[in-house]
Structures are given as structure tokens and as C-alpha cells.
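# Structural overview for review
These are the residues of each chain, in order.
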Amino acid sequence: MATDLRGSGVAGCVRMATGLRVRSASRYSAGPVAHSADDRVICVIGAGYVGLVTAAGLAEAGREVRVVEIDPGRRAAVAAGRSPIHEPGLDGLLAESVGAGRLRAVAGMEAGVEGAGIVVIAVGTPPTPEGEADLSQVHAAVDEAVRHAAPGTVVAMKSTVPPGTTRSLARRSRREDVAFVMFPEFLREGSALEDVRHPSRVVVGGEDPEAVRRVAALADGVDAERVLCDSVSAELIKYGSNAFLATKISFINEMAQLCELTGGDIGSVATGMGLDPRIGRSFLNAGLGWGGSCFPKDVRALETSAGYHGQSFWLLKAAIEVNSQQRRRFTGKLIRGLGGVVEGRRIAILGLAFKPFTDDLRQAPAIDVIRHLEDLGAEVVATDPVALDGARPLLQRTRLVVDGYEAVAGADAVGLVTEWPEYRGLDWARVLELMRGRLVVDGRNCLDGEAIVRLGGIYASMGRRPLGGPASAAGAAEPSLSAEGIPSLPLG
Ligand code: UGA
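Below or above, wherever it landed, is the structure these notes cover. (Residues numbered from 1 in each chain as written. Predicted model: local features only at pLDDT ≥ 70, side-chain atom pairs only at ≥ 80, totals over all residues.)

## Comments concerning the overall build of the protein chain
To keep things clear, this is the line we draw: In this text, helices come from DSSP runs of H or I with a minimum length of four residues, and strands from runs of E with a minimum of two, each type numbered from the N-terminal end. Residues with at least 20 other C-beta atoms within 10 Å of their own are called buried, those with 12 or fewer are called exposed, and the rest are partly exposed. The C-beta atoms themselves are positioned from the backbone. Two residues form a contact once the distance between their C-beta atoms, set from the backbone, is within 7 Å.
The secondary structure content of the protein chain amounts to 18 helices and 15 strands. In the protein chain, which comprises 492 residues, the share counted as buried stands at 51%. Looking at the protein chain alone, contacts between residues at least 24 apart form 70% of all its contacts between residues at least 6 apart.

## Concerning the site of the ligand
To keep it simple, the criterion reads: Whether a residue is near a molecule or strand depends on its C-beta atom, placed from the backbone, lying within 6 Å of it. Under the grouping applied here, Gly and all other residues not named as nonpolar or charged are polar, the nonpolar ones being Ala, Val, Leu, Ile, Met, Phe, Trp, Tyr, Cys and Pro and the charged ones Asp, Glu, Lys and Arg. Domains are outlined according to an automatic or database domain assignment.
As a structural note, the neighbourhood of the ligand is formed by 20 residues, with Glu-189, Asn-285, Trp-290, Gly-292 and Cys-294 the closest of them. With three residues, the top contributor of residues to the shell around the ligand is helix α9 (residues 231-262). By residue class, the composition of the shell around the ligand is 10 nonpolar, six polar and four charged. Formed jointly, the shell around the ligand draws a minimum of three residues from each of two domains, domain 1 (14-229) and domain 2 (240-318).

## Looking at the nonpolar core
Applicable threshold: Each nonpolar core consists of buried Ala, Val, Leu, Ile, Met, Phe, Trp, Tyr and Cys residues. Their C-beta atoms, within 7 Å, join them into a set.
Ile-45, Val-119, Ile-121, Val-155, Ala-156, Val-181 and Val-215 are the most contacted members of the largest nonpolar core, which totals 93 residues. Ranked by the residues each element gives to this core, the list is headed by α9, at nine residues. Apart from residues no more than four positions distant in its own chain, Ile-121 is found in contact with Ile-45, Val-138, Ala-141, Val-142, Val-155, Ala-156, Met-157, Lys-158 and Ser-159. Among the nonpolar cores identified, the runner-up in size contains 48 residues, and Leu-334, Leu-338, Val-342 and Ala-378 belong to it.

## Quick word on the environment of Arg-444
As for its position among the elements, Arg-444 is in the loop between β14 (439-442) and α18 (449-454). Note on Arg-444: 24 C-beta atoms within 10 Å, which makes it buried. Sequence separation between Arg-444 and Gly-415 is 29 residues, and the spatial gap between their C-alpha atoms is 9.8 Å. Ignoring sequence-local partners within four residues, the contact set of Arg-444 consists of Gly-287, Leu-288, Leu-416 and Glu-419.

## Concerning the packing of α9 against helix α10 (residues 266-274)
This is how it is decided: Only C-alpha atoms enter the line fits that serve as axes; for helices the fit covers just the stretch in contact. Angles between N-to-C directions range over 0 to 180 degrees. With respect to orientation, any angle under 35 degrees is reported as roughly parallel, any angle over 145 as roughly antiparallel, any angle of 65 to 115 as roughly perpendicular, and every other angle as oblique. Put simply, a crossing is left-handed when the front helix is turned counterclockwise from the back one by less than a right angle, and right-handed when it is turned clockwise.
The N-to-C vectors of α9 and α10 enclose an angle of 135 degrees; their axes lie 9 Å apart at closest approach. In terms of axis orientation, α9 runs oblique to α10. In terms of crossing hand, the pair formed by α9 and α10 is right-handed. Within the contact between the two elements, α9 uses Ile-252, Met-255, Ala-256 and Cys-259 and α10 uses Ile-266, Val-269 and Ala-270. Split by residue class, the contact of α9 with α10 holds seven nonpolar, no polar and no charged.

## Here we look at the packing of α9 against helix α12 (residues 314-337)
Where α9 contacts α12, the axes come no closer than 9 Å and their chain directions differ by 55 degrees. Between α9 and α12, the angle falls in the class oblique. With respect to the hand of their crossing, α9 and α12 are arranged in left-handed fashion. The residues of α12 that touch α9, namely those facing Ala-243, Ala-246, Thr-247, Ser-250, Asn-253 and Glu-254, are Leu-315, Leu-316, Ala-319, Val-322, Asn-323 and Gln-326.

## A few points about the sheet that holds strand β10 (residues 346-350)
Defined as follows: Criterion used throughout: strands pair if DSSP finds at least two bridges between them.
Read from one edge to the other, the open sheet built from six strands follows the order β12-β11-β10-β13-β14-β15, with strand pairing classed as parallel. Only two strands of the sheet have a single partner each, and these edge strands are β12 (399-401) and β15 (458-460). Taken pair by pair, the neighbouring strands of this sheet meet at an average axis angle of 20 degrees, ignoring direction. Note: strand β13 (residues 413-416) against β14, four bridges, orientation parallel. Across the sheet, the residue bridging to Val-414 is Val-440, located in β14.

## So, the pairing of strand β8 (residues 201-206)
What counts is decided by this rule: By convention a crossover is right-handed if, when the strands point away from the viewer, the path from the first strand over the helix to the second runs clockwise.
The buried count for β8 comes to five of six residues, which makes it a mostly enclosed element. Both strand β7 (residues 179-182) and β8 contribute to a ladder of two bridges, which runs antiparallel. Among the inter-strand pairings, Met-182 is bridged to a residue of β8, identified as Gly-205. Of the pairings in the sheet, the one linking β8 to strand β9 (residues 225-229) comprises five bridges and is parallel in character. Its bridge partner lying in β9, Val-202 is registered against Arg-226. With helix α8 (residues 209-216) bridging β8 and its parallel neighbour β9, the resulting β-α-β unit is right-handed.

## Considering helix α3 (residues 90-99)
For the record, the criterion: The directions from the helix axis to the C-beta atoms are what the arc is built from.
For α3, the set of buried residues is Leu-90, Leu-93, Leu-94, Ser-97 and Val-98. Considered in projection along α3, the buried side chains sweep an arc of 125 degrees and stay on one side of the axis. Phi turns positive one or two residues past the end of α3, at Gly-101, with a value near 75 degrees.

## Notes on unusual backbone geometry
The backbone of Arg-174 shows a phi angle near 55 degrees, a positive value even though the residue is not glycine. One can find Arg-174 in the loop between α6 (165-173) and β7. The exposed category is assigned to Arg-174, around which 8 C-beta atoms lie within 10 Å. Positive phi, normally seen in glycine, also occurs at Phe-357, with a value near 65 degrees. Mapping Phe-357 onto the fold places it in the loop between β10 and α13 (365-375).

## Points about the environment of Pro-88
Relative to the helices and strands, Pro-88 resides in the loop between α2 (72-79) and α3. For the pair Pro-88 and Glu-189, spaced 101 residues apart in the sequence, the C-alpha separation amounts to 9.0 Å. The contact partners of Pro-88, leaving out residues within four places of it in the chain, are Gly-190 and Phe-357.

## Examining the pairing of strand β4 (residues 103-106)
The side-chain alternation of β4 yields one buried face, formed by Leu-103 and Ala-105, and one unburied face, formed by Arg-104 and Val-106. As judged from the four bridges shared by strand β3 (residues 64-68) and β4, these two strands associate in the parallel manner. Residue Val-65 lies in a different strand from β4, and its bridge partner there is Leu-103.

## Regarding α12
Selection rule: Working rule for helices: expected span equals 1.5 Å times residues minus one.
Helix length check: α12, at 24 residues, gives a terminal C-alpha distance of 34 Å against a target of 34 Å (1.5 Å per residue), a fit within 8%. Here α12 lies mainly inside the structure; 17 of its 24 residues are buried. Phi turns positive one or two residues past the end of α12, at Gly-339, with a value near 85 degrees.

See below:
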């Protein structure tokens, strides 16, 4: 049954996803905790992607924000008002906030946490080899933070953590006067500031209603529905959202495969399906599938977490498998399009980042695709507008070039992996003149295939009929050329 948050003062609609449970009197004093901690002061621990964007957003909203970061390079960048990561608009906002004295980078936990009303934990939860979320950074940050936290401080978990973690952190802290809530983020890399300013929803979960109210108040003035619930539900909202979106993408990618086998067109299918408001068109773009620091890690962590509770989450196992297959399917199109042998052939790869407008290469399809092609003896030349520096240590055999035209010069085939507008905007007549071959494989269905064919190219994409050449030359997944016929792709 939904419980009202008396006197919450939370703006907008308060939707109670589940009833809030008030902490038991044996552990927590009844009623709001008296606190010397000041909610105008927020400490954000971790100047990674989530931490920095959150900190910048809070500073913009008028809070005094301290960012605790142990890495001296990152800390120096933030102190100078520069973003250590590529995120549109973040540099400007950091410079403004640091200049106005609203945001400060600090080295020590004590200096960051002292007197702060809310401590936001935004450290990494990378996957262990078994697929669980590794909580060692969370534990280290929380242990240290609670040592210095004033009575009444709320620890707000932004790090994505498995169900039950927030409650177990509260137990682990042995601080009756410090409350813990789950405060998940729903930021998309590349449009994170937009997501902070105009979130789709504000979710805060915890067992102490006053702590939940105080954290929800961080979003006062933000026009979005609130979901105030228990901490486990908030943890599951975060995992469930990412897992659902990833599954949606895998579903459309399976449909794309069926389109290739039956002669359908995935663009039309996605449009037709997406017009049903219960389905929606977003996240129905077929292609190379999902990568990045969130979906792969979170889908696996949720699946593993379910396993620990005795549940086989079959849908997620399938979504993960389909996602791996997409990389093999794309590579297979290049291989088949080049006659089945890529040894000694030059292949240009356009785009390395896992998606446009970011330099993030974590779980980026390009890395697997390039390594696979190189293992088969291909000579790969790759380019990306912003991710080249990060790619160098990962792709030591690959020639990485700044210019798209330089990448395609002399190539037998071009494979588009990341849908940067720069690549859509290439002069494709010039590209085809510079290439040695004619094959263009579009892993994101973002190029104008008909134009490429008019210019003399052969065009293959994902879930659509190949254009401009015999189907096999264009790398179509013909029934006789199943995914199983493609040499296996080692996935890192
Ligand atoms: C994702 C979620 O969208 C955010 O809500 C969440 O906060 C974030 O993870 C996180 O947990 O931190 P992000 O990883 O930045 O954000 O990227 P998305 O824009 O969601 O794209 C994820 C992947 O799906 C990308 O590899 C993208 O290329 C792929 N994708 C997306 C498709 O293949 N097809 C689509 O239709 C949409």
C-alpha cells in the first residue's frame, strides 16, 4: 500500500512505486533525524562520468558541491574547470561552476564530507570475471565517507548496485545516525547534461522517509515525476531499465536477421512496430547492438544477481547472446562481401566509440570487429572523431588515422561501426574514388545506400536487402550462409 511522505515538500507528482518502510525504532530514532549536516553542501565521491555530470548539474542548480577524486590528473582537470571526459557542454559548465566557486575538487575524504548534508557515491562498479558488480570501490568510498560524516548525513548511491546493496551498506556502516538511499542515474553519454536538466523521472529509494525526502529535494524545480520507494526497488528500477532497453535492441536485431532471411526491411518493420505507443520507436534501431560501460555490465550483473537468488533470467541470457552475434554478423558481411577471404585485404573502419558523441570505448563493437578481422589477416585502418587516443593502446596492430578520407584510401571494403554524423556527411563519390574496392557495410543503417549504389558502390546493411551487387557479394545473410558459417569472433 502506498504511504504518503508527510511534509515531503517534493515538487510535482509523487508516485509511490511501493510503500516506504520506516526504519525500525530499534535501529533508528523515530521521526526525522536531527542533523548538523547541511543539505546545501553536497559531496560527490568519484569524478568519473556519472559523478562529474551529477556534480556539474547540482552546482548549476545552486548547491555548493565538493568533488572527491583520488586520481590527481582528474582532480587537477576538475579544479581547473576542465572535463577529463568528452561530454558535450560539460567543459563549459564545469568552468562556470568552478569559476563561481560553486564546485571544488578536493583530494581528501574528510575535506569533502565534513558538514555535507548529502554524500553522493559515484564510483565505478565494474564487472568481475563472473559478471557480478565489483563493489570494492563502493565499499572503500562508503567506509571512508561514513568515518567523516556528520550525524544526519545521507549517503546517496548513484553507483549502480545490485538489489539489496544499499541496505547492506547501511548495516555495514554501523552508523545509526547516517541514512542510506539509492538515487539511480539515467544519464546517456553524449546527452548527459540534457538528461540531468530534464530527467525522465527522479527515483529515490530508501528505508528512511526523511532521507528520501531530502535527496528528492535535490531535484526541486525539476519538472519530472518522482518515484519514491524502498531501496531495493530503486536498485531494480535502474537495472531493469537498462536490461529492458538492451533486450529491446536485441529483439529488433533478431527481427533484422529474420528480415534478411525472409526479404523484409527492418527499417519499415521498426517504424511499423514503433508506431504502437505501447512499443515506441526508440531503441528499435537495428545494427551492431549495444556496447558502452552500462548495458553490457548491467545486463550481466542483473542476470548474475538473479542467478544468486535461484532464478535463471533466460530473457537476459538470450539478449546477451544476440548482442554478441550482431558483431559476428557484421564481420561476416565484410568477409563474405570480400569473397570469404580477408587475409591481405585492407578494410577501413569508420567509428570506434561505442556510440556517437562520446570517446568511450568500453565494450565498443569496433574493438571486437577490428581484432577479429586482424586475426584473420586483414589490414585494418580505422578512424574516429574523438576516440583515437583511447583506442591506441587497445588496437596496437591497427593503423589509426584522423581523417575519414585517409582511412578509406586504398580500402577493399569500408565498414561503418559508429553512426557519427561526420561519416554520413562524407562525400561518398570521393570515398568510392579513393577506395580500391566497392563494398560498403553499414553496421548502423545510417548511410544513404541507394546514393552509394548510384555512385558505383555495393551496399550492405543490417536487416535490409543488399544493394548494388549480387547478394553474396554484398554480404547478405542468405539462408545458405548462416551465422554459424562465420568464423567465430572472440569477444572481450
Ligand atoms: C544507457 C542508458 O540509456 C541510460 O539511461 C543509463 O543511465 C546509462 O546507460 C547508464 O546506465 O549509465 P548509454 O550507455 O550512454 O546510456 O547509451 P545509450 O544511448 O542508451 O546506448 C546504449 C547502446 O545501445 C549503444 O551501444 C547504442 O549504440 C545501442 N543502441 C541504442 C542500439 O544499438 N540501438 C538503439 O536503437 C539504441
